[in-house]
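Now for the letters of each chain:
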Amino acid sequence: MLAMLPGFILLPLSVALTLLNTAFHCLWIVGFSLIKLLLPLTPVRRRMDRLNDGCMTLWLLGNSLILGLINRIEWQIEDQTRLDRNGWYLLICNHLSWTDIVILGHLFRRRLPVPKFFVKHEMRYVPFVGLACWGLNMPFMRRYSRQHLLRHPHLRGKDVETARRACNGFRHRPTTIINFVEGSRFTPAKQQALDSPYRHLLPPRPAGMAMTLSAMGEQLSHIVNVTLAYPDNAERPFLDLLCGRMGRIQVHIETLPVTAELRGDYRNDALFKRHFQQWLDRLWQAKDERLARLAAADEPAEPIRAT
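Residues numbered from 1 in each chain as written. Predicted model: local features only at pLDDT ≥ 70, side-chain atom pairs only at ≥ 80, totals over all residues. Heavy atoms only, no water.

### Description of the overall build of the protein
Per the secondary structure count, the protein includes 10 helices and 8 strands. Here the protein holds 307 residues, and 47% of them are scored as buried. Counted over contacts in the protein with a minimum sequence separation of 6, partners at least 24 positions apart contribute 74%. A total accessible area of about 16,600 Å² is found for the protein, and carbon and sulfur atoms account for 58% of it. (Helix = DSSP H or I, 4+ residues; strand = E, 2+ residues; numbered from the N terminus. Buried < 20%, exposed > 50% of the residue type's maximum accessible area, 1.4 Å probe, protein only. Contact = heavy atoms within 4.5 Å. Areas by Shrake-Rupley, 256 points an atom, 1.4 Å probe, with all protein chains shown as cover.)

### A word on the packing of helix α2 (residues 42-70) against helix α3 (residues 99-108)
At a minimum axis distance of 9 Å, the contact between α2 and α3 shows a crossing angle of 105°. In terms of axis orientation, α2 runs roughly perpendicular to α3. Counting all contacts with α2, which are made through W59, L60, N63, S64 and L67, the residues of α3 involved are I101, V102, I103, G105 and H106. Residue classes in the contact of α2 with α3 are distributed as 6 nonpolar, 4 polar and no charged. (Axes fitted to C-alpha atoms, helices over the stretch in contact; angles between N-to-C directions. Parallel < 35°, antiparallel > 145°, perpendicular 65-115°, else oblique. Nonpolar A, V, L, I, M, F, W, Y, C, P; charged D, E, K, R; others polar.)

### Thoughts on the nonpolar core
Ranked by size, the top nonpolar core spans 39 residues in total, and within it L91, L104, F108, V224, V226 and L228 carry the most contacts. Listed by contribution, the elements that provide at least two residues to this core are α1 (7-38), α2, β2 (89-93), α3, α4 (129-135), β7 (222-229) and β8 (248-256). Here this core gets 6 residues from one element, more than from any other, and that element is α2. The residues contacting V224, other than those within four sequence positions of it, are L83, Y89, L90, L91, I92, F108, I253, E254 and T255. By size, the runner-up hydrophobic cluster in this structure holds 31 residues, among which are A166, M216, L280 and L291. (Core = buried A, V, L, I, M, F, W, Y, C linked by side-chain atoms within 4.5 Å.)

### Concerning unusual backbone geometry
Excluding glycine, residues mostly carry a negative phi; peptide bonds, for their part, are mostly trans. The phi dihedral of N137 is positive, around 65°, even though this residue is not glycine. Residue placement: N137 occurs in the loop between α4 and β5 (140-141). Overall, N137 belongs to the partly exposed group, its relative accessible area being 34%. One non-glycine residue, D195, adopts positive backbone phi at about 55°. With respect to the secondary-structure elements, D195 resides in the loop between α7 (188-193) and α8 (206-216).

### Observations regarding the confidence of the model for the protein
Predicted confidence across the protein gives a mean pLDDT of 88, with 90% of residues reaching 70 or more. When the criterion is pLDDT under 50, residues 301-307 qualifies, and its contacts beyond four places in sequence or with other chains add up to 0 contacts. (pLDDT = per-residue confidence, 0-100.)

### Re the pattern of salt bridges
Tallied over the entire structure, the rule returns 7 salt bridges. Between R248 and D232 there is a salt bridge, and its shortest N-O distance comes to 2.8 Å. Here R248 is found in strand β8, whereas its partner D232 is found in the loop between β7 and α9 (237-242), with 16 residues between them in sequence. Here R248 falls in the buried class, since its relative accessible area comes to 15%. A salt bridge links D240 to R245; its shortest N-O distance comes to 3.2 Å. Given a relative accessible area of 8%, D240 falls into the buried group. What you see here is one network of salt bridges that share partners, running through D53, K116 and R173. (Salt bridge = Lys/Arg side-chain N within 4 Å of Asp/Glu carboxyl O.)

### Details of the side chain of S184
With respect to the element layout, S184 can be found in the loop between β6 (176-179) and α7. A polar contact is formed between the side chain of S184 and the side chain of K190, at a distance of 2.5 Å. Each residue touching S184, except ones within four places of it in the same chain, is listed here: H95, K120, K190 and L202. (Polar contact = N/O pair within 3.5 Å; in protein donor to acceptor, adjacent residues only side chain to side chain.)

### Focus on empty space enclosed by the protein
Tallied over the full model, the rule gives 2 cavities of 30 Å³ or more. Together, 13 residues line the largest cavity, and L104, G105, F108, P115 and I178 are the ones closest to its centre. When residues of the lining of the largest cavity are traced back to their parent elements, those giving at least two are α3, β3 (115-117) and β6. Tallying contributions element by element places α3 first for the lining of the largest cavity, with 4 residues. (1 Å grid on protein atoms, 1.4 Å probe; cavity = no way out; pocket = protein on both sides within 12 Å on 5 of 7 lines; lining within 4 Å. Points joined across faces, edges and corners; volume = space filled by probe spheres on them.)

### What about the sheet that holds β6?
Taken together, the 6 strands give an open sheet; going across it, the order is β1-β8-β7-β2-β6-β3, and neighbouring strands pair in mixed fashion. On the outer flanks of this sheet lie β1 (74-79) and β3, each paired with one strand and no other. Each neighbouring strand pair of the sheet contributes to a mean axis angle of 25°, computed without reference to strand direction. Strand direction decides the pairing type here: β2 and β7, joined by 5 bridges, are parallel. By the bridge assignment for β7, Y89 is matched with H222. (Pairing = 2+ DSSP bridges.)

### Digging into the packing of α8 against helix α10 (residues 270-298)
In helix packing, the relevant descriptors are the interaxial angle and the interaxial distance, both defined with respect to the helix axes. Two elements in contact, α8 and α10, have axes whose closest approach is 11 Å; the angle formed by their N-to-C orientations is 110°. By the angle between their axes, α8 is roughly perpendicular relative to α10. For the pair α8 and α10, the crossing hand works out as right-handed. Residues P206, M209, A210 and L213 of α8 lie in contact with α10, whose contacting residues are F276, Q277, W279 and L280. When grouped by side-chain class, the residues that make up the contact of α8 with α10 number 7 nonpolar, 1 polar and no charged. (Left-handed = near helix turned anticlockwise from the far one by under 90°.)

Here you go:
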């Protein structure tokens, strides 16, 4: 509707609308969470959790309205899945930008139960957002380098234990657990630093996903595997989204069964750990090949030279 306006007008407008939408719903979530904290009774806690989930749903709706108001997006979606809002799902996706959260919320807010993210520990200190994530029972995950773990071996497995505790709390209400398995947004610099074997992805970090499947495997309906690409806005998709310049968004959605072979003791069973890592590597290789095909389809054809 407003996409014809210049970017220097749309940028402050979209930022203001996004901040207002986020702050408004975060304040309600924090309020309900404080009631839950002050009255730690099971009926009160579950009632406040339902209200918080309702606020999360309304926040996703607000983001969708802003998305449609500011941008004219050409959607290219491959999806033959059948999903149920009363089920439990683990959604995994490649991670390109903060835009991913907005897009996933828009695509699935009517098709899946309320999403819960694995959140970086640094998000705890973001005004409004950190408290809201705490109130929504989202697990805050710390990422340690290999060198840091060598110096502090007692920190090994902390993220996995955090994921396990969070998943146990998700058993009581239909939930979508969203895990950006790469653990960080993709950039060419990170790809090179991590010596990624993939052209369009960072190496996946399997521990949190494996623990989720172990803790909730029998309850999860499916794994929802999403692949995102922003072919017209690959360099700075979030800024382009705020400026009303988002063009095409390519999405591939598939569901994978949660088989018994994907549930095991990732921390202590070396055979299962190797099997799970190999399964996830194959899945990531297929995702990388899909992204390569999408990128190749966008390349201009070679000009025909006259002979």
